[in-house]
Amino acid sequence: MKTVMSGMRPTGRLHIGNYWGALRRWVEIQAEHRCFFMVADLHMFTTAYEESSRLQEHVREMVLDWLAAGLDPEKCVLFKQSDVPQHAELTLLLSMVTPISWLENNPTYKEQLQELGKTKLARALEGEGILTKERREAISGGQLEPVEPSSEAVRKELRTAGFLGYPVLQTADIALYGANLVPVGQDQLPHLEISREIVRRFNGLYGAVLTEPGPVLTPQAKVPGLDNRKMSKSYGNAVDLFETAAGLAPKVMSAYTDPLKARAKDPGHPEGCVVFAYHKLYSDFADRREGECRAGAIGCVACKKELLTSMEKPFSEFRERRARFDKPGLVSELLTAGGAKARAVAEETMGKVRKAMNLR
Ligand code: SF4
(Lines give C-alpha, C1' and ligand atoms only; values in the text may rest on other atoms or scores of the structure.)
Protein backbone atom coordinates (compact mmCIF):
# COMPACT_ATOMS: atom_id res chain seq x y z
CA MET A 1 0.00 0.00 0.00
CA LYS A 2 1.36 3.45 -0.96
CA THR A 3 0.69 6.83 0.60
CA VAL A 4 -1.24 9.34 -1.48
CA MET A 5 -1.46 13.08 -0.84
CA SER A 6 -3.50 15.64 -2.72
CA GLY A 7 -5.43 18.81 -2.09
CA MET A 8 -7.77 21.40 -3.55
CA ARG A 9 -8.05 25.10 -2.94
CA PRO A 10 -11.33 26.04 -1.25
CA THR A 11 -12.87 28.24 -3.90
CA GLY A 12 -16.42 27.15 -3.05
CA ARG A 13 -18.45 24.71 -5.03
CA LEU A 14 -16.48 22.46 -7.35
CA HIS A 15 -16.79 22.38 -11.11
CA ILE A 16 -16.86 19.42 -13.44
CA GLY A 17 -13.18 19.94 -14.28
CA ASN A 18 -12.33 19.36 -10.60
CA TYR A 19 -14.43 16.20 -10.61
CA TRP A 20 -13.21 14.58 -13.84
CA GLY A 21 -9.68 15.86 -13.38
CA ALA A 22 -9.09 14.85 -9.76
CA LEU A 23 -11.99 14.07 -7.45
CA ARG A 24 -13.21 11.04 -9.36
CA ARG A 25 -9.73 9.54 -9.13
CA TRP A 26 -9.51 10.33 -5.40
CA VAL A 27 -12.72 8.40 -4.78
CA GLU A 28 -11.29 5.39 -6.62
CA ILE A 29 -7.91 5.32 -4.88
CA GLN A 30 -9.16 5.86 -1.32
CA ALA A 31 -9.86 2.13 -1.13
CA GLU A 32 -6.46 1.15 -2.55
CA HIS A 33 -3.97 3.33 -0.64
CA ARG A 34 -3.43 5.32 2.55
CA CYS A 35 -4.83 8.66 1.44
CA PHE A 36 -4.57 12.22 2.78
CA PHE A 37 -6.87 14.74 1.09
CA MET A 38 -6.38 18.34 2.09
CA VAL A 39 -8.43 21.52 1.94
CA ALA A 40 -5.59 23.72 0.69
CA ASP A 41 -6.68 26.94 2.35
CA LEU A 42 -3.14 28.32 2.65
CA HIS A 43 -2.63 27.76 -1.07
CA MET A 44 -5.66 29.88 -1.80
CA PHE A 45 -3.78 32.91 -0.50
CA THR A 46 -1.04 32.43 -3.09
CA THR A 47 -3.28 33.94 -5.79
CA ALA A 48 -6.44 35.19 -4.04
CA TYR A 49 -5.14 36.72 -0.84
CA GLU A 50 -7.42 39.73 -1.12
CA GLU A 51 -10.63 37.66 -1.11
CA SER A 52 -10.86 35.66 2.11
CA SER A 53 -14.14 36.97 3.53
CA ARG A 54 -16.04 33.85 2.41
CA LEU A 55 -13.29 31.35 3.11
CA GLN A 56 -15.09 29.33 5.80
CA GLU A 57 -18.19 29.08 3.64
CA HIS A 58 -16.07 27.95 0.68
CA VAL A 59 -14.35 25.28 2.78
CA ARG A 60 -17.69 23.89 3.87
CA GLU A 61 -19.11 23.93 0.33
CA MET A 62 -16.12 22.10 -1.08
CA VAL A 63 -16.03 19.41 1.59
CA LEU A 64 -19.74 18.79 1.07
CA ASP A 65 -18.97 18.31 -2.63
CA TRP A 66 -16.21 15.84 -1.74
CA LEU A 67 -18.56 13.83 0.46
CA ALA A 68 -21.32 13.86 -2.14
CA ALA A 69 -18.87 12.67 -4.80
CA GLY A 70 -17.96 9.69 -2.62
CA LEU A 71 -14.98 10.53 -0.39
CA ASP A 72 -15.38 8.59 2.83
CA PRO A 73 -13.68 9.82 6.07
CA GLU A 74 -13.58 6.19 7.24
CA LYS A 75 -11.29 5.34 4.30
CA CYS A 76 -9.13 8.47 4.03
CA VAL A 77 -7.94 11.45 6.09
CA LEU A 78 -9.80 14.65 5.16
CA PHE A 79 -8.29 17.74 6.76
CA LYS A 80 -7.65 21.45 6.43
CA GLN A 81 -4.10 22.59 5.71
CA SER A 82 -4.13 25.48 8.21
CA ASP A 83 -5.15 23.08 11.00
CA VAL A 84 -1.68 21.51 10.67
CA PRO A 85 0.95 24.19 11.49
CA GLN A 86 3.73 21.84 10.43
CA HIS A 87 2.96 22.79 6.79
CA ALA A 88 4.13 26.36 7.46
CA GLU A 89 7.20 25.21 9.40
CA LEU A 90 8.41 22.78 6.76
CA THR A 91 7.73 25.33 4.00
CA LEU A 92 10.01 27.81 5.73
CA LEU A 93 12.80 25.24 6.13
CA LEU A 94 12.51 23.98 2.54
CA SER A 95 12.52 27.53 1.20
CA MET A 96 16.01 27.93 2.69
CA VAL A 97 17.39 25.34 0.27
CA THR A 98 15.27 26.14 -2.82
CA PRO A 99 17.00 28.27 -5.50
CA ILE A 100 14.74 31.08 -6.74
CA SER A 101 15.59 30.20 -10.35
CA TRP A 102 13.74 26.87 -9.96
CA LEU A 103 10.61 28.78 -8.99
CA GLU A 104 10.94 31.51 -11.61
CA ASN A 105 11.40 28.96 -14.38
CA ASN A 106 8.36 26.95 -13.37
CA PRO A 107 6.18 26.98 -16.53
CA THR A 108 2.96 26.68 -14.56
CA TYR A 109 3.85 29.82 -12.61
CA LYS A 110 4.48 31.80 -15.79
CA GLU A 111 1.27 30.59 -17.39
CA GLN A 112 -0.88 31.30 -14.35
CA LEU A 113 0.61 34.75 -13.97
CA GLN A 114 -0.28 35.57 -17.56
CA GLU A 115 -3.83 34.18 -17.40
CA LEU A 116 -4.66 35.75 -14.03
CA GLY A 117 -3.19 39.02 -15.19
CA LYS A 118 -5.50 39.07 -18.20
CA THR A 119 -8.58 38.27 -16.12
CA LYS A 120 -7.83 40.74 -13.34
CA LEU A 121 -7.02 43.52 -15.76
CA ALA A 122 -10.19 42.87 -17.74
CA ARG A 123 -12.28 42.96 -14.56
CA ALA A 124 -10.59 46.10 -13.34
CA LEU A 125 -11.16 47.90 -16.63
CA GLU A 126 -14.74 46.73 -16.82
CA GLY A 127 -15.34 48.03 -13.30
CA GLU A 128 -14.17 51.44 -14.46
CA GLY A 129 -16.51 51.31 -17.45
CA ILE A 130 -13.61 51.12 -19.90
CA LEU A 131 -14.21 47.57 -21.05
CA THR A 132 -17.69 46.51 -22.15
CA LYS A 133 -19.09 43.08 -21.36
CA GLU A 134 -18.98 42.22 -25.08
CA ARG A 135 -15.35 43.20 -25.32
CA ARG A 136 -14.45 41.14 -22.26
CA GLU A 137 -16.26 38.10 -23.72
CA ALA A 138 -14.46 38.59 -27.01
CA ILE A 139 -11.15 38.61 -25.14
CA SER A 140 -11.95 35.45 -23.19
CA GLY A 141 -13.18 33.76 -26.40
CA GLY A 142 -9.90 34.57 -28.11
CA GLN A 143 -11.42 36.80 -30.84
CA LEU A 144 -9.74 39.90 -29.43
CA GLU A 145 -6.21 40.37 -28.17
CA PRO A 146 -6.27 41.23 -24.48
CA VAL A 147 -4.57 44.37 -23.30
CA GLU A 148 -1.14 43.09 -22.30
CA PRO A 149 -1.00 43.01 -18.49
CA SER A 150 1.94 45.32 -18.44
CA SER A 151 0.42 47.66 -15.89
CA GLU A 152 2.65 47.69 -12.83
CA ALA A 153 -0.41 47.71 -10.61
CA VAL A 154 -1.59 44.37 -11.99
CA ARG A 155 1.85 42.80 -11.99
CA LYS A 156 2.70 43.91 -8.46
CA GLU A 157 -0.47 42.46 -7.13
CA LEU A 158 0.36 38.96 -8.45
CA ARG A 159 4.12 38.78 -8.08
CA THR A 160 4.21 37.91 -4.40
CA ALA A 161 6.69 35.71 -2.58
CA GLY A 162 3.79 33.40 -1.72
CA PHE A 163 2.76 32.92 -5.35
CA LEU A 164 6.33 32.39 -6.52
CA GLY A 165 6.98 29.97 -3.65
CA TYR A 166 3.82 27.96 -4.21
CA PRO A 167 5.80 24.82 -5.19
CA VAL A 168 7.72 24.96 -1.88
CA LEU A 169 4.47 24.89 0.07
CA GLN A 170 3.28 22.07 -2.15
CA THR A 171 6.47 20.14 -1.46
CA ALA A 172 5.94 20.52 2.29
CA ASP A 173 2.35 19.29 1.90
CA ILE A 174 3.52 16.13 0.21
CA ALA A 175 6.67 15.46 2.23
CA LEU A 176 5.00 15.79 5.64
CA TYR A 177 2.98 12.65 4.99
CA GLY A 178 5.73 10.66 3.30
CA ALA A 179 3.54 10.54 0.21
CA ASN A 180 5.04 8.57 -2.66
CA LEU A 181 2.06 9.01 -4.97
CA VAL A 182 0.56 12.34 -5.98
CA PRO A 183 -2.45 12.37 -8.32
CA VAL A 184 -1.80 15.05 -10.93
CA GLY A 185 -2.92 16.11 -14.36
CA GLN A 186 -0.40 16.31 -17.20
CA ASP A 187 -0.17 20.10 -16.79
CA GLN A 188 0.84 19.77 -13.13
CA LEU A 189 3.81 17.51 -13.81
CA PRO A 190 6.32 20.41 -13.82
CA HIS A 191 5.15 21.38 -10.34
CA LEU A 192 5.68 17.88 -9.05
CA GLU A 193 9.09 17.75 -10.68
CA ILE A 194 10.11 20.83 -8.68
CA SER A 195 8.91 19.08 -5.52
CA ARG A 196 11.02 16.07 -6.36
CA GLU A 197 14.06 18.31 -6.90
CA ILE A 198 13.51 20.16 -3.62
CA VAL A 199 13.22 16.87 -1.73
CA ARG A 200 16.39 15.54 -3.39
CA ARG A 201 18.24 18.72 -2.52
CA PHE A 202 17.08 18.61 1.10
CA ASN A 203 18.01 14.93 1.44
CA GLY A 204 21.37 15.59 -0.21
CA LEU A 205 22.15 18.23 2.42
CA TYR A 206 20.72 16.66 5.56
CA GLY A 207 20.32 12.92 4.89
CA ALA A 208 17.54 10.73 3.50
CA VAL A 209 14.74 12.13 5.64
CA LEU A 210 11.99 13.01 3.16
CA THR A 211 10.24 10.69 0.70
CA GLU A 212 10.55 11.58 -2.98
CA PRO A 213 7.05 11.75 -4.47
CA GLY A 214 5.99 10.22 -7.77
CA PRO A 215 3.00 11.11 -9.96
CA VAL A 216 -0.19 9.16 -10.60
CA LEU A 217 -1.49 10.60 -13.82
CA THR A 218 -5.23 11.12 -13.62
CA PRO A 219 -7.20 10.02 -16.67
CA GLN A 220 -9.53 12.65 -18.15
CA ALA A 221 -7.39 15.33 -16.53
CA LYS A 222 -8.37 17.98 -19.06
CA VAL A 223 -11.93 19.23 -19.20
CA PRO A 224 -12.18 22.43 -21.21
CA GLY A 225 -14.05 25.42 -19.86
CA LEU A 226 -17.11 26.76 -21.65
CA ASP A 227 -14.89 29.09 -23.71
CA ASN A 228 -12.42 26.28 -24.61
CA ARG A 229 -9.71 27.52 -22.25
CA LYS A 230 -8.75 25.53 -19.17
CA MET A 231 -11.77 25.37 -16.85
CA SER A 232 -11.33 27.72 -13.92
CA LYS A 233 -13.57 29.85 -11.76
CA SER A 234 -11.07 32.67 -12.16
CA TYR A 235 -11.76 32.69 -15.90
CA GLY A 236 -15.56 32.63 -15.45
CA ASN A 237 -15.89 29.59 -17.72
CA ALA A 238 -16.77 26.83 -15.25
CA VAL A 239 -19.72 24.43 -14.97
CA ASP A 240 -20.44 23.71 -11.29
CA LEU A 241 -20.61 20.06 -10.33
CA PHE A 242 -23.99 20.55 -8.69
CA GLU A 243 -25.36 23.07 -11.14
CA THR A 244 -29.16 23.29 -11.17
CA ALA A 245 -31.01 22.52 -14.39
CA ALA A 246 -31.85 26.23 -14.69
CA GLY A 247 -28.19 27.17 -14.29
CA LEU A 248 -26.90 24.49 -16.63
CA ALA A 249 -29.04 25.30 -19.68
CA PRO A 250 -27.71 28.79 -20.49
CA LYS A 251 -24.14 27.66 -19.90
CA VAL A 252 -24.34 24.69 -22.25
CA MET A 253 -26.26 26.65 -24.88
CA SER A 254 -23.51 29.30 -24.89
CA ALA A 255 -20.59 26.83 -24.94
CA TYR A 256 -17.86 27.14 -27.54
CA THR A 257 -18.32 24.98 -30.65
CA ASP A 258 -16.50 24.58 -33.95
CA PRO A 259 -16.50 28.12 -35.44
CA LEU A 260 -16.29 26.65 -38.98
CA LYS A 261 -19.64 24.94 -38.55
CA ALA A 262 -21.85 27.95 -39.18
CA ARG A 263 -24.92 26.04 -40.43
CA ALA A 264 -26.40 22.74 -39.25
CA LYS A 265 -25.40 20.95 -42.46
CA ASP A 266 -21.80 22.17 -42.48
CA PRO A 267 -19.31 19.41 -41.60
CA GLY A 268 -17.90 19.97 -38.11
CA HIS A 269 -14.67 19.30 -36.24
CA PRO A 270 -15.63 17.78 -32.89
CA GLU A 271 -12.03 17.58 -31.65
CA GLY A 272 -11.99 21.34 -30.97
CA CYS A 273 -15.54 21.57 -29.65
CA VAL A 274 -16.34 21.97 -25.95
CA VAL A 275 -19.80 20.45 -26.36
CA PHE A 276 -18.29 17.30 -27.83
CA ALA A 277 -15.75 17.12 -24.98
CA TYR A 278 -18.67 17.12 -22.53
CA HIS A 279 -20.58 14.54 -24.60
CA LYS A 280 -17.60 12.21 -24.12
CA LEU A 281 -18.04 12.54 -20.34
CA TYR A 282 -21.83 12.42 -20.07
CA SER A 283 -23.34 10.79 -23.19
CA ASP A 284 -23.16 7.13 -24.16
CA PHE A 285 -23.46 8.10 -27.85
CA ALA A 286 -20.33 10.21 -28.18
CA ASP A 287 -18.86 7.93 -30.89
CA ARG A 288 -22.00 8.24 -33.00
CA ARG A 289 -22.07 12.00 -32.41
CA GLU A 290 -18.55 12.36 -33.69
CA GLY A 291 -19.55 10.82 -37.03
CA GLU A 292 -22.76 12.85 -37.24
CA CYS A 293 -20.88 16.06 -36.58
CA ARG A 294 -18.24 15.36 -39.20
CA ALA A 295 -20.93 14.45 -41.74
CA GLY A 296 -22.96 17.60 -41.07
CA ALA A 297 -25.87 15.43 -39.95
CA ILE A 298 -26.66 17.49 -36.84
CA GLY A 299 -26.61 21.16 -35.93
CA CYS A 300 -24.93 22.61 -32.86
CA VAL A 301 -28.16 23.76 -31.21
CA ALA A 302 -29.68 20.27 -31.35
CA CYS A 303 -26.38 18.78 -30.22
CA LYS A 304 -26.31 21.07 -27.17
CA LYS A 305 -29.89 20.20 -26.25
CA GLU A 306 -29.02 16.50 -26.31
CA LEU A 307 -26.03 17.18 -24.09
CA LEU A 308 -28.32 18.87 -21.58
CA THR A 309 -30.52 15.76 -21.53
CA SER A 310 -27.46 13.55 -20.91
CA MET A 311 -26.28 15.76 -18.04
CA GLU A 312 -29.65 15.92 -16.32
CA LYS A 313 -29.53 12.56 -14.47
CA PRO A 314 -25.95 12.61 -13.08
CA PHE A 315 -26.34 16.22 -11.97
CA SER A 316 -29.61 15.59 -10.15
CA GLU A 317 -28.17 12.46 -8.47
CA PHE A 318 -25.19 14.48 -7.22
CA ARG A 319 -27.48 17.17 -5.88
CA GLU A 320 -29.57 14.63 -3.96
CA ARG A 321 -26.49 13.04 -2.37
CA ARG A 322 -25.14 16.44 -1.41
CA ALA A 323 -28.39 17.43 0.30
CA ARG A 324 -28.13 14.31 2.50
CA PHE A 325 -24.71 15.46 3.87
CA ASP A 326 -25.71 19.08 4.31
CA LYS A 327 -26.24 19.05 8.12
CA PRO A 328 -25.11 21.75 10.59
CA GLY A 329 -21.71 21.00 12.14
CA LEU A 330 -20.99 17.88 10.11
CA VAL A 331 -18.15 19.30 8.01
CA SER A 332 -16.39 21.02 10.92
CA GLU A 333 -16.56 17.82 13.00
CA LEU A 334 -15.04 15.81 10.16
CA LEU A 335 -12.25 18.33 9.61
CA THR A 336 -11.45 18.52 13.33
CA ALA A 337 -11.07 14.74 13.51
CA GLY A 338 -9.08 14.63 10.25
CA GLY A 339 -6.82 17.48 11.40
CA ALA A 340 -5.84 15.56 14.56
CA LYS A 341 -4.87 12.51 12.48
CA ALA A 342 -2.90 14.62 10.00
CA ARG A 343 -1.05 16.55 12.75
CA ALA A 344 0.15 13.32 14.36
CA VAL A 345 1.73 12.13 11.09
CA ALA A 346 3.12 15.56 10.19
CA GLU A 347 4.70 16.03 13.62
CA GLU A 348 6.47 12.69 13.30
CA THR A 349 8.08 13.89 10.04
CA MET A 350 8.97 17.29 11.53
CA GLY A 351 10.70 15.56 14.43
CA LYS A 352 13.02 13.86 11.93
CA VAL A 353 13.50 17.08 9.92
CA ARG A 354 14.43 19.18 12.98
CA LYS A 355 16.86 16.50 14.16
CA ALA A 356 18.46 16.16 10.72
CA MET A 357 18.98 19.95 10.54
CA ASN A 358 20.36 20.01 14.11
CA LEU A 359 17.55 22.28 15.22
CA ARG A 360 17.00 19.86 18.13
S1 SF4 B 1 -22.50 19.41 -33.84
FE2 SF4 B 1 -22.02 19.12 -31.70
S3 SF4 B 1 -19.98 18.26 -31.68
FE4 SF4 B 1 -20.29 19.15 -33.72
S5 SF4 B 1 -19.41 21.22 -33.54
FE6 SF4 B 1 -21.63 21.36 -33.14
S7 SF4 B 1 -21.79 21.19 -30.92
FE8 SF4 B 1 -19.78 20.46 -31.50
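Whatever comes next refers back to the structure up there.
Rules and cut-offs
- Residues numbered from 1 in each chain as written.
- Predicted model: local features only at pLDDT ≥ 70, side-chain atom pairs only at ≥ 80, totals over all residues.
- Heavy atoms only, no water.
- Near = heavy atom within 4 Å.
- Helix = DSSP H or I, 4+ residues; strand = E, 2+ residues; numbered from the N terminus.
- Nonpolar A, V, L, I, M, F, W, Y, C, P; charged D, E, K, R; others polar.
- Buried < 20%, exposed > 50% of the residue type's maximum accessible area, 1.4 Å probe, protein only.
- Pairing = 2+ DSSP bridges.
- Right-handed = clockwise from strand over helix to strand, strands pointing away.
- Phe/Tyr/Trp six-rings, centres within 6.5 Å; stacked < 30°, edge-to-face > 60°.
- Lys NZ or Arg CZ within 6 Å of the ring centre and 35° of its normal.
- Axes fitted to C-alpha atoms, helices over the stretch in contact; angles between N-to-C directions.
- Parallel < 35°, antiparallel > 145°, perpendicular 65-115°, else oblique.
- Contact = heavy atoms within 4.5 Å.

To continue, consider the site of the ligand. The environment of the ligand is made up of T257, D258, K261, C273, V275, F276, C293, I298, C300 and C303. Of all elements in the fold, only α13 (274-282) and α15 (300-325) reach the threshold of two or more residues within the shell around the ligand. In the shell around the ligand, the residues fall into seven nonpolar, one polar and two charged.

The side chains of a regular strand alternate, first on one face of the sheet and then on the other. By the criterion of burial, strand β2 (residues 34-39) is predominantly enclosed, with five of the six residues buried. Judged from the six bridges that link them, strand β1 (residues 3-8) and β2 form a sheet pairing that is parallel. The residue of β2 that forms the bridge with G7 is M38. At this point the chain moves from β1, through helix α1 (residues 16-29), to the parallel β2, and the crossover so formed is right-handed.

Any pair of aromatic rings gets described here by the distance separating the centres and the angle formed by the planes. Scanning all chains against the criterion turns up ten aromatic pairs. Ring geometry for Y19 against F318: centres 5.2 Å apart, planes inclined by 80°, an arrangement best described as edge-to-face. Linking Y19 in helix α1 with F318 in helix α15, this pair joins segments that are 299 residues apart in sequence. The pair formed by Y19 and F318 is uniform in burial state, with each residue classed as buried. Relative to F315, the ring of Y282 lies with its centre 5.6 Å away and its plane at 45°, an arrangement referred to as tilted. You can see Y282 sitting in helix α13 and its partner F315 sitting in helix α15, a full 33 residues away along the chain. For Y282, a relative accessible area of 13% puts it in the buried group. Taken together, the aromatic side chains of Y19, W20, F242, Y282, F315 and F318 make up a single cluster linked through ring pairs. Just above the ring of Y235 sits the side chain of R229; from NZ or CZ to the centre is 4.4 Å.

Where helix α3 (residues 55-69) meets helix α16 (residues 330-356), the axes come as close as 10 Å, and the angle between the chain directions of the two elements is 85°. Here α3 is positioned roughly perpendicular relative to α16, judged by the angle of their axes. For the pair α3 and α16, the contacting residues are V59, R60, V63, L64 and L67 in the first and L330, V331, L334 and L335 in the second.

Look at N228: it is not a glycine, yet its phi comes out positive at around 80°. In this fold, N228 is placed in the loop between β5 (214-217) and α12 (245-253). Of the residues examined, N228 reaches a relative accessible area of 35% and is grouped as partly exposed. Phi at N358 is positive, roughly 60°, even though this residue is not glycine. Checked against the element boundaries, N358 lands in the segment after α16. Overall, the relative accessible area of 66% leaves N358 in the exposed class.

We now examine the pairing of β5. Side chains of β5 alternate between two faces, with G214 and V216 buried and P215 and L217 left unburied. Pairing analysis gives four bridges linking strand β4 (residues 181-184) to β5, with the strands arranged parallel. Looking at β5, one finds that L181 is bridged to G214. The handedness of the β4 to β5 crossover, carried by helix α11 (residues 189-206), is right-handed.

Once that is clear, we can look at α13. Where burial is concerned, most of α13 is hidden: eight out of the nine residues are buried. Buried residues of α13: V274, V275, F276, A277, Y278, H279, L281 and Y282, and no others. Here the buried face of α13 lies against α1, α14 (286-295) and α15.

Okay, the packing of α13 against α14 next. Orientation of α13 relative to α14, taken along the N-to-C sense of each, is 155°, at an axis distance of 9 Å. Taken together, α13 and α14 sit at an angle that is classed as roughly antiparallel. Counted together, F276, H279 and K280 of α13 and A286, R289 and E290 of α14 form the full contact between these two elements. The class makeup of the residues in the contact of α13 with α14 is two nonpolar, one polar and three charged.

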